[in-house]
Amino acid sequence: MLARLLILFYAIVSYAVFFVSSLYAMGFVGNYFVAKSIDTGGAANVSEAIVVDLMLLGLFAIQHSIMARPVFKRWFAGIIPEACQRSTYVLLSSLILLLLFWQWQPIPIQVWQIGGIAAWFLTGVYWLGWLIAFASTFMIDHFDLSGLRQAFFALRGVEAPGQSFKTPLLYRIVRHPLMLGFLLAFWATPHMTSGHLLFAVMNTAYILVGVRLEERDLVAEFGASYELYRRRVPMLMPRLFASRSIASEPRHGG
């Protein structure tokens, strides 16, 4: 029983770190409320800043991608209990994000500056992006994605059942609403600096590669059901006029 309680405690701590890093990310990217944001802090030499920032982004991308692959998960299962795997993934991702926020080198060269109604519009899109990202995790299973679900099942002494194939709400409009939300948040700003642009471009590239790797795994897991879903629902850009047949799609667990 003690081991099960420790697994739950570990999952709760991991979730707390994830929650803090997620809240800080909103302030960091948009230059709101936090002392150290994407455009604040001591300006370094531009070439030095680019190298440091690329290393930080690369570290996050490598960890995020490798640990998400089924091959790594099978290998990792021999090292830690399966109920701790998702929590470990979430914890490491969150700690690397916090490291990125801490060590990020701003490049304050202005790319664009927009005022007036357009600035308010972009600010609204920015917060809409975060809302979409956050809401989409609950449309599938927020607590499974964060590792808490697995820990609560472990506390009961049973393995968490697998997720079924489903496409609720925003998942009937695009296949990856979480990533769509991130893209809106990364790009919608009335004041774009070179450092922010570097952050947005590199994360966009990572998202485009990452969703293809994820979809390869989803096809392997769900087969023809996911292939049908992929043919009918766009990846990231919503269609202006969606097909009525989408409402009858099979559902997936993300």
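If you're wondering where the values come from, they're calculated on a predicted model, not measured in any experiment. The numbers attached to residues start from 1 for each chain and follow its sequence in the written order. Restriction of local features to residues with pLDDT of at least 70 applies here, the model being predicted, together with a cutoff of 80 or more for giving and counting side-chain atom pairs; totals for whole chains, interfaces and linings are based on all residues. Each side-chain value is worked out from all heavy atoms of the structure, with water and hydrogens disregarded.

Some details on the overall build of the chain
For step 1, the next point in the chain: Strands are runs of DSSP state E lasting at least two residues, helices are runs of H or I lasting at least four, and both sets are numbered from the N terminus onward. A count of helices and strands for the chain gives 10 helices and two strands.
For step 2, the next point in the chain: Secondary structure of the chain in N-to-C order comes out as α-α-α-α-β-α-α-α-α-β-α-α.
For step 3, the next point in the chain: With C-alpha atoms as the basis for the radius of gyration, the globule rule is written as 2.2 Å multiplied by the number of residues raised to the power 0.38. In summary, the chain has a C-alpha radius of gyration of 19 Å against a globular reference of 18 Å for 254 residues, a match within 12%.
For step 4, the next point in the chain: By its C-alpha atoms, the chain is 55 × 50 × 25 Å across when sized along the principal axes.
For step 5, the next point in the chain: Split into buried and exposed, the 254 residues of the chain put 45% on the buried side.
For step 6, the next point in the chain: Two residues qualify as a contact provided that any one of their heavy atoms is within 4.5 Å of a heavy atom in the partner residue. The contacts of the chain with a sequence gap of at least 6 include a subset with a gap of at least 24, amounting to 79%.
For step 7, the next point in the chain: Residue burial considers only the protein chains on display, and all accessible areas are found by Shrake-Rupley using a 1.4 Å probe. Entry remark: accessible area of the chain is about 13,400 Å², with carbon and sulfur atoms responsible for 72%.
For step 8, the next point in the chain: Taken as two groups, the 19 positive and 13 negative side-chain charges of the chain have centres that lie 8 Å from each other. Whether a residue is buried, partly exposed or exposed follows from its accessible area with a 1.4 Å probe, protein chains only, as a fraction of its type maximum: under 20%, in between, or over 50%, in that order. In this charge count, Lys and Arg are treated as positive and Asp and Glu as negative; neither His nor the chain ends contribute. To locate a charge, take NZ of a lysine, CZ of an arginine, CG of an aspartate or CD of a glutamate.

Focus: the side chain of threonine 189
For step 1, the next point in the chain: Among the secondary structure elements, threonine 189 is positioned in the loop between helix 8 (177-187) and strand 2 (191-193).
For step 2, the next point in the chain: Looking at threonine 189, the relative accessible area reads 9%, which means it is buried.
For step 3, the next point in the chain: We define a polar contact as two N or O atoms separated by no more than 3.5 Å, with the added condition that, inside protein, one atom must be a possible hydrogen donor and the other a possible acceptor, whereas residues neighbouring each other in sequence contribute only through side-chain atom pairs. A distance of 3.0 Å separates the side chain of threonine 189 from the backbone oxygen of histidine 191, its partner in a polar contact.
For step 4, the next point in the chain: Apart from residues lying up to four places away in sequence, threonine 189 is in contact with Trp112, Leu122 and His196.

Thoughts on the packing of aromatic side chains
For step 1, the next point in the chain: Stacked, edge-to-face and tilted labels apply to pairs of Phe, Tyr and Trp rings (six-membered ring for Trp) whose centres lie within 6.5 Å, assigned for plane angles under 30 degrees, over 60, and everything in between, in that order. Under the defined criterion, the tally for this structure stands at 22 aromatic pairs.
For step 2, the next point in the chain: Considering the side-chain rings of tyrosine 126 and tryptophan 130, the 6.3 Å spacing of their centres and the 80° angle between planes classify their relative orientation as edge-to-face. A residue pair is termed a helical-turn pair when its members lie 3 or 4 positions apart in one helix, as tyrosine 126 and tryptophan 130 do in helix 5 (residues 116-140) at four residues. For the residue pair tyrosine 126 and tryptophan 130, the accessibility class agrees, reading buried in each case.
For step 3, the next point in the chain: Plain terms: the ring middles of tryptophan 130 and phenylalanine 182 are 5.9 Å apart, the flat faces sit at 70° to each other, and that makes the pair edge-to-face. Pair noted here: tryptophan 130 is in helix 5 and phenylalanine 182 is in helix 8, with a separation of 52 residues, a long-range link.
For step 4, the next point in the chain: Among the residues examined, tryptophan 130 registers a relative accessible area of 9% and is labelled buried.
For step 5, the next point in the chain: Using a relative accessible area of 22% as the deciding quantity, one classes phenylalanine 182 as partly exposed.
For step 6, the next point in the chain: Ring pairs connect the aromatic residues Tyr24, Phe28, Tyr32, Phe33, Phe101, Trp104, Tyr126, Trp127, Trp130, Phe182, Phe186 and Phe199, which therefore count as one cluster.

As for unusual backbone geometry
For step 1, the next point in the chain: A positive phi angle, close to 60°, is found at asparagine 31, a residue other than glycine.
For step 2, the next point in the chain: A positive phi is found at phenylalanine 33, a non-glycine position, where the angle reads about 70°.
For step 3, the next point in the chain: As for its placement among the helices and strands, phenylalanine 33 is situated in the loop between helix 1 (2-30) and helix 2 (46-68).

Read these as spatial facts, not as claims about activity.
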